[in-house]
Amino acid sequence: MIPYTVNIKLAARTLTGTLNLQNKTAVDWGWQGLIAQGCHSSILIIDPKTSQTIQVLERHKANVVKVKWSRENYYHNMSSPYCLRLASGDASGKIIVWDVVSGTAHCEIQEHSKPIQDLEWLWNQDASRDLLLAIHPPNYIVLWNGDTGTKLWKKSYAENILSFSFDPFDPSNMALLTSEGIVFITDFTHSKPPGSAGKKVYIASPHASPAHTKPAPAAAPAPTGAKKALNKVKVLITNEKPTAEAVTLNDCLQLSYLPSKRNHMLLLYPREILILDLELSQTVGVVAIERSGVPFIQVIPCAQRDALYCLHENGCITLRVCRSTITSEEASDPEQSVHELVYDLRSQCDAIRVTKTVRPYRMVICPVNENNAALMVSDGRAMLWELKAHTGRAAANPSSGLSPLYSPVSFCGAPLGPNQKRIQDLSLNSMIGQTLIAGEAPPPSSNQQEVQLKFLLTGLLSGLPLPPFAIRMCPPLTTKNINHYQPLLAVGTSNGSVLVYNLTSGLLHKELSVHSCEVRGIEWVSLTSFLSFATSAPNNMGLVRNELQHVDLPTGRCFAFRGERGNDEPPIEMIKVSHLKQYLVVVFRDKPLELWDIRTGTLLREMAKNFPTVTALEWSPSHNLKSLKKKQMAAREAMARQTVSDAEQSSVESSVISLLQDAESKSETSQAISAREHFVFTDTDGQVYHITVEGNTVKDGARIPPDGSMGSIACIAWKGDTLVLGDVDGNLNFWDLKARLSRGIPTHRGWVKKIRFAPGKGNQKLLVMYTDGAEVWDTKEVQMVSSMRIGRNVNYRILDIDWCTSDKVVLASDDGCVRVLEMAMKSASYRMDEQDLTDPVWCPYLLLPRAALTLKSFLLLQPWSGTFTMDITQVDMKSVLQDPELSLLQRCLLVSRLFGDESDLYFWTVASHYLQSFAQARQLSVSTAEGQPQSEGTQPPPQNHLDICNDVLCESSYFQKFQLDRVHLQEVKRSSYEHTKKCADQLLLLGQTDRAVQLLLETSADNPSYYCDSLKACLVTTITSSGPSQSTIKLVATNMIANGKLAEGVQLLCLIDKAADACRYLQTYGEWNRAAWLAKVRLSPAESSDVLKRWAEHLCSPQVNHKSKAILVLLSLGCFYKVGEMLHSMRHFDRAALFIEACLKYGVMEAAFLDYARLLRTLGLREGAALWASRAGSAGEQLMEELFQGEGGMPEVILVTDRSLLLQKPLQLLTVGLQ
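Rules of the game
- Residues numbered from 1 in each chain as written.
- Predicted model: local features only at pLDDT ≥ 70, side-chain atom pairs only at ≥ 80, totals over all residues.
- Heavy atoms only, no water.
- Pairing = 2+ DSSP bridges.
- Helix = DSSP H or I, 4+ residues; strand = E, 2+ residues; numbered from the N terminus.
- Axes fitted to C-alpha atoms, helices over the stretch in contact; angles between N-to-C directions.
- Salt bridge = Lys/Arg side-chain N within 4 Å of Asp/Glu carboxyl O.
- Buried < 20%, exposed > 50% of the residue type's maximum accessible area, 1.4 Å probe, protein only.
- Core = buried A, V, L, I, M, F, W, Y, C linked by side-chain atoms within 4.5 Å.
- Contact = heavy atoms within 4.5 Å.
- Polar contact = N/O pair within 3.5 Å; in protein donor to acceptor, adjacent residues only side chain to side chain.

- An unreviewed UniProt entry annotates the protein as WD repeat-containing protein 11 of Dicentrarchus labrax.

Right, here's the structure in full:
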């Protein structure tokens, strides 16, 4: 037998059901690895890996409309630990910031009383991670401190704001989607509200004007539906309000920046997705749906790859990946080679069956790995899809025209070792390679595998169906059943099925389809079986079909308890099972009651026609089972003794005892004993009748006349010596049967619907249900213990009640939820760590801060043991983490993914890439005698670039190619003089003078800038490197810049190859991002490095305080020593130590050792210099030779093994050298 552990103490919990329409947008998947979802006024926290609800937060009074997890892009330590923090906004304008583990609110914020439109935690600075930006309708943006609830600033706009999106590359830029168009804000900061009203932009779609529809070539095939749409939707973005005939496309569903490449934005319409290039304000790509296709609801752009997850109205999720822009020579069709961002459909999941009540609401994707999606359906289901990559070629389908997708053969940012274990499909960027751009050689096939993508359903969570419900808890826990007790709650639903929940885990135990119409009531007849009844809709004579079913839970066997009866009779009002589960009373509306024997399933008595109409009925807890058993035992003993003669009596004493035991066990199995039980009921006049049932005899007992103070009795409850009656006017009458006293109390709450005594010996608590709520009474003291009323402390109506343990009640409500509450009936969230979960959950955020950090250190590095062990956890990745082939950098990346640590993940992605690339470059280049530190000029082979989503952190060569590719695309897409001018300016900055001149000469003669552009074209073509012309142009440029024409001045400086000066001017005028861009595309590695170092210093300054970004910039320059120092000064000790350890493994710290050795040599400290030179590799050997020339060989140098020395400042290292 399976050993049971019985958790007698059940946790308070909420079983949720269908969603409200207002919950549509209330879902978020956080870096913490959990999904938060609003369901009416509660918030569910779902673990997507095990498909379990692990917390339900209850505090909102109105429907939840927005939820947002806090970001994890900060360094985690004991003072700022891993914690689960969530912000939620409701339809009454209240925002609550939660501590999810304990289920308590950090703070509550209220500004207006309208639904919150959007929420976002700010992530753009290192000082505070508590800033929360919210849209309060109709047109206010407010910045709050999410820890204290204080308002920092508030700003109003002219139009109604629907949502906003932050630029992931520059947090000072944000876009607001308003009812009329888009507002771009470029001066967003947390310290003060935006100064300007923003740049307002309207989106117009001119009716396929001739200028924008290219005539198709005669030979080309007729364009398909999507192509036509593409020709038509050349969407213009205008600053003027569009005229009436140019219809405003204000049915824009969503706006968001693309996190995969800078300055691109996505606009979603029901039938197309537009990709805009914001520098040009022009559409550079359209994803259009064919006429017969299913419209979009939502789209989520990925960061790791240029890909879009799209949700369609039929619940289908599609993944579209941007096509490579390498133009294939064999593209014979000129239409095909039109330069355009094309997103190819690469995978799609199954659709759901959409009905009036079932429709897809929202999807969310995992922000850490971007290869998991969750779909929220209106009926409360959460479908968890995982993207899988299968190696192998697709079936040849030349008509599709799709180029194959390749997956990189690497793991956690490093090439895969020959015997190395890897985790399949760890994240999107490990599943598919980068989108190739024009001018880039495709990587060798040895590094890549061709893959197909598929969606796999890995989890499904379903909620309760639509109310109304009938609920009943199984019989209570006793000392006799403790070994096999399970706290099961049966929930009867409107569609005729009965759901059985295990309240220890809160999970569905069984779903049984029992009836064909709404379940009206359930009564348990043992721990594993119950009776349930349902009544169909009445016919024109008021008669119905009654269904009374007996259900056995372990087998799921169902049978009609009343046999053939049940067609065309008055409806069943209630069923009542006696205390010993022997008898059943079935009460009808206009028909006398029936009395059944449950054990044999036989009808004992159908009452006569003149039997009084029953309004309320209850079985008495008293019975004669014990006395019957005693009598039976005495009789058996007598019989046993008679069979044995007196002489043999003494010798067979023992066998008598065994006979008796035998007899007793037999009597228990054959239920021969029929104990006497009683029930009482009231008629329409309030008279109380008492009836006794024993075996198949039914006797009428005493009658008690009606109490004058009571109205029509609606319900009765009986326990011990207390009998309680409730009437339709809200009066409760408490009878003490022992003392023969009665006491009436008016509650003034209207009709008493139900009353139930709590289980447990001597527990005299009573639960009372009214139309507007419920109360708990203590019948000993005859006083109310707690109360809940709709409108006062809850916003839902109660449909049914029961006790689930001696101190907890369970309530079914009309918001589709079933709640287990303490006796005080205050809806409260529970602590996550008090829960009994069926599957273990991997979420370090649930641990205490110290435990989470211990676990992280344990997974990262175990230098004390030499080998890696996994004694403390059982993640699937066990074998990978124990793999000796897993390098330190791969381990750091993997653990940051496991922990969902945003800041760690970005740091190690960039660090890992540049450590490997500089080490590679070092091996390729022959070390010079001077041992100069490697500059950016020696870049690794091109097949492993840093992804373009890292923007200016990418290698210069790749970044330049990407920018040229982009300008080429802008050029193809330009449709006005403004666009042409912007393109020409961009080409000049990129040094593409010939192409720029062509564009300048395109200006038409009637354009006011015609003369200016022509002269500019002449200037560009005639620029020579002669001294006078250079100095003149430089003078003009500096004058322009001084007079506020910064862009023009910078252009002139770029023409005469003075881009370094241009960058300096841009930085002086605060255009730091522009300067970094220019340095990347125009300057030599050394000059570019200077510009970016100045930028890093600026980022470290107290007014910007973005040191984490500065560290990434320094990593991309290979300033590893400086990075180690900065990490140490910021007290990021574990990151610093691991980083320096990795630097030593890759040998890129040696330049610093060498410089230090030289410094010691100039100070005359030869031994110290020798010590550090010995650690600086081959370049150090040359220095050693110089140090000990003519001394006949080099001394034995003792190596410093204590690497912690390297964490300290150079000054401290100096003192080591001096000793």
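**Overview of the sheet that holds strand S35 (residues 488–492)**
So, point 1. Ordered by their spatial adjacency, four strands build an open sheet running S34-S35-S36-S37, and the pairing between neighbours is antiparallel. With partners counted over all chains shown, the strands left at the sheet margins are strand S34 (470–473) and strand S37 (507–513), one partner each. Each strand of the sheet is rotated relative to its neighbour by a mean of 20°, with strand direction disregarded.
So, point 2. As paired elements, strand S36 (residues 497–502) and S37 share six bridges and run antiparallel to each other. Counterpart to Ser 497 in the pairing with S37 is Ser 513.

**A look at the pattern of salt bridges**
Opposite charge on two side chains permits them to pair, given that their charged atoms come into close proximity.
So, point 1. Using the criterion set out here, one finds 48 salt bridges in the structure.
So, point 2. The partner of Glu 594 in a salt bridge is Lys 591, and the shortest N-O contact between them spans 3.7 Å.
So, point 3. Judged by its relative accessible area of 0%, Glu 594 is buried.
So, point 4. Classification of Lys 591 by relative accessible area gives partly exposed; the value is 22%.
So, point 5. The salt bridge partner of Arg 676 is Glu 694, with a shortest N-O separation of 3.6 Å. Taken together, the residues Arg 676 in strand S47 (residues 676–682) and Glu 694 in strand S48 (residues 688–694) connect sequence positions 18 residues apart.
So, point 6. Using a relative accessible area of 33% as the deciding quantity, one classes Arg 676 as partly exposed.
So, point 7. Each of Arg 562, Arg 565, Glu 569, Lys 591, Glu 594 and Glu 606 takes part in a single network of salt bridges with overlapping partners.

**Section: the nonpolar core**
So, point 1. With 155 residues, the main nonpolar core has Ile 45, Leu 86, Leu 1078, Leu 1115 and Phe 1139 as its most contacted residues.
So, point 2. Tallying contributions element by element places helix H8 (residues 902–924) first for this core, with nine residues.
So, point 3. If we skip the residues at most four places from it in the chain, Leu 86 touches Ala 36, Ile 43, Ile 45, Leu 57, Val 67, Lys 68, Trp 69, Ile 96, Val 97, Trp 98, Val 100 and Trp 121.
So, point 4. Core analysis: the next-biggest nonpolar cluster, separate from the first, contains 30 residues, Val 500, Ile 522, Phe 530 and Cys 804 among them.

**Comments concerning the side chain of Asp 815**
So, point 1. Tracing the backbone through its elements, the reader meets Asp 815 in the loop between strand S59 (808–813) and strand S60 (818–822).
So, point 2. Polar contacts involving the side chain of Asp 815 include one to the side chain of Ser 813, which spans 2.6 Å.
So, point 3. Among the polar contacts listed, one links the side chain of Asp 815 to the backbone nitrogen of Cys 817, at a separation of 3.3 Å.
So, point 4. Setting aside chain neighbours within four positions, we find Asp 815 in contact with Thr 18, His 40 and Tyr 796.

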